[in-house]
Amino acid sequence: MTHGRIRRRFLLSGVVAGLAVCMFWYLLKSVPAAFEVSIARQAALLSLNVEMSPWTVNWRRGILSTNNVTVLSADGSSPMLEIPLVEVDFHPWRALSGWRAAVYQVYLHRPTVHLLEDAEGEWNWQRWARHASVHSIEAGMEEGFVLDRLYADVVGVQFSTRDGEFSLDNGVVTVTHMQLPPASAGAQTTVAAHFRADGGKLSVVGEGNAFAMRNGEWLPDVALTIQQQGVGPSVAEPLRLPATGTQAFTTDR
């Protein structure tokens, strides 16, 4: 083999290696940035603001992660959700077709859910669900985002009511087939949540569509069962629940 051929092969190998390095660097940097942009855009469509650290990606495990996420109402007046760590499981090559097709599970570690009751007795999450549902129709959105599974552990819920403040802690929450607005008519999201509550345990299980609409009006279709076991008065009394028992709640369409 002549020196010219050796040199050409050496140069070709160098070019291929250089392209591979450039491609790897592009994927490493651009994919998390693109996902962050996608999150911000989706949040805006849902009347939310999201503050978060830059995303990183683990291609071997197919996980995008970020720290210190805060979800606020659109006007930024009050936090709805604070999460120290978020991990998003995705199919790497499906990302080429968009994040809707790629993401299949979201994991939240140590999130705090903020529930604020206003002077009229309405909760901040109720206001958001109604506004997001109506806004999705007004904006002409054709379909919402469907997530196969959301899992959260060491969950805390901070209640701020007209009668004072109290909290649930050390919770585990699993949500399957979560559909964000605009939700299809037959969408059914299932929820299972278990919390420690003032020396006892409080569980919430159910299913339904929190973003259901009829003739442009927000009419959620949800059925929940709440079960208490030895819940102390600091939680049971503000929720107007007995210390031990089972209650079923449904929305009337």
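Residues numbered from 1 in each chain as written. Predicted model: local features only at pLDDT ≥ 70, side-chain atom pairs only at ≥ 80, totals over all residues. Heavy atoms only, no water.

A short note on helix α3 (residues 124-138)
The end-to-end C-alpha separation of α3 is 21 Å, in line with the 21 Å expected for 15 residues at 1.5 Å each. In this structure, the buried residues of α3 make contact with β1 (48-51), β4 (79-90), β6 (112-116), β11 (213-214) and β12 (217-218). Following α3 by one or two positions, Gly-140 has its phi on the positive side, about 75 degrees. (Helix = DSSP H or I, 4+ residues; strand = E, 2+ residues; numbered from the N terminus. Expected span 1.5 Å × (residues − 1). Contact = heavy atoms within 4.5 Å.)

Regarding the pattern of salt bridges
Counted by the stated rule, this structure contains 5 salt bridges. The closest approach of N and O atoms between Arg-162 and Glu-117, which form a salt bridge, is 3.1 Å. In this pair, Arg-162 is assigned in the loop between β7 (146-161) and β8 (164-179) and Glu-117 in the loop between β6 and α3, connecting sequence segments 45 residues apart. Salt-bridge contacts for Arg-127 lead to Asp-118; the nearest nitrogen and oxygen are separated by 3.1 Å. (Salt bridge = Lys/Arg side-chain N within 4 Å of Asp/Glu carboxyl O.)

Considering the side chain of Glu-122
Position of Glu-122 relative to the elements: it lies in the loop between β6 and α3. Looking at Glu-122, the relative accessible area reads 19%, which means it is buried. In this structure the side chain of Glu-122 is engaged in a polar contact, spanning 2.4 Å, whose partner is the side chain of Arg-130. Not counting chain neighbours up to four residues away, the residues in contact with Glu-122 comprise Leu-116, Glu-117, Arg-127 and Arg-130. (Buried < 20%, exposed > 50% of the residue type's maximum accessible area, 1.4 Å probe, protein only. Polar contact = N/O pair within 3.5 Å; in protein donor to acceptor, adjacent residues only side chain to side chain.)

Overview of the side chain of Gln-42
Relative to the helices and strands, Gln-42 resides in helix α1 (residues 3-45). Those residues in contact with Gln-42 that lie beyond four places of it in its chain are Arg-100 and Phe-145.

Here's the deal with the packing of aromatic side chains
Inspection of every chain in the model, using the stated rule, returns 7 aromatic pairs. Arranged with centres 5.8 Å apart and planes meeting at 75 degrees, the rings of Trp-59 and Phe-90 form a pair that is edge-to-face. Placement of the pair is Trp-59 in the loop between β2 (56-58) and β3 (63-73) and Phe-90 in strand β4, with a sequence separation of 31 residues. Aromatic side chains Trp-125 and Trp-128 sit 5.8 Å apart centroid to centroid with 85 degrees between the ring planes, which places their arrangement in the edge-to-face category. With Trp-125 and Trp-128 both in helix α3, this residue pair falls 3 residues apart, about one helical turn. Relative accessible area serves as the criterion here: at 12%, Trp-128 is assigned to the buried category. One aromatic cluster in this structure is built from Trp-123, Phe-159 and Phe-166. (Phe/Tyr/Trp six-rings, centres within 6.5 Å; stacked < 30°, edge-to-face > 60°.)

Some thoughts on the pairing of strand β13 (residues 221-229)
Sheet analysis places strand β10 (residues 200-209) next to β13, joined by 9 bridges and oriented antiparallel. By the bridge assignment for β13, Val-204 is matched with Ile-226. (Pairing = 2+ DSSP bridges.)

Describing the confidence of the model for the protein chain
Taken residue by residue, the protein chain gives an average pLDDT of 84. The fraction at 70 or more is 87%. Predicted confidence in the protein chain is weakest over α1, with a mean pLDDT of 59, and strongest over strand β9 (residues 189-197), with 97. When the criterion is pLDDT under 50, residues 14-28 qualifies, and its contacts beyond four places in sequence or with other chains add up to 5 contacts. (pLDDT = per-residue confidence, 0-100.)

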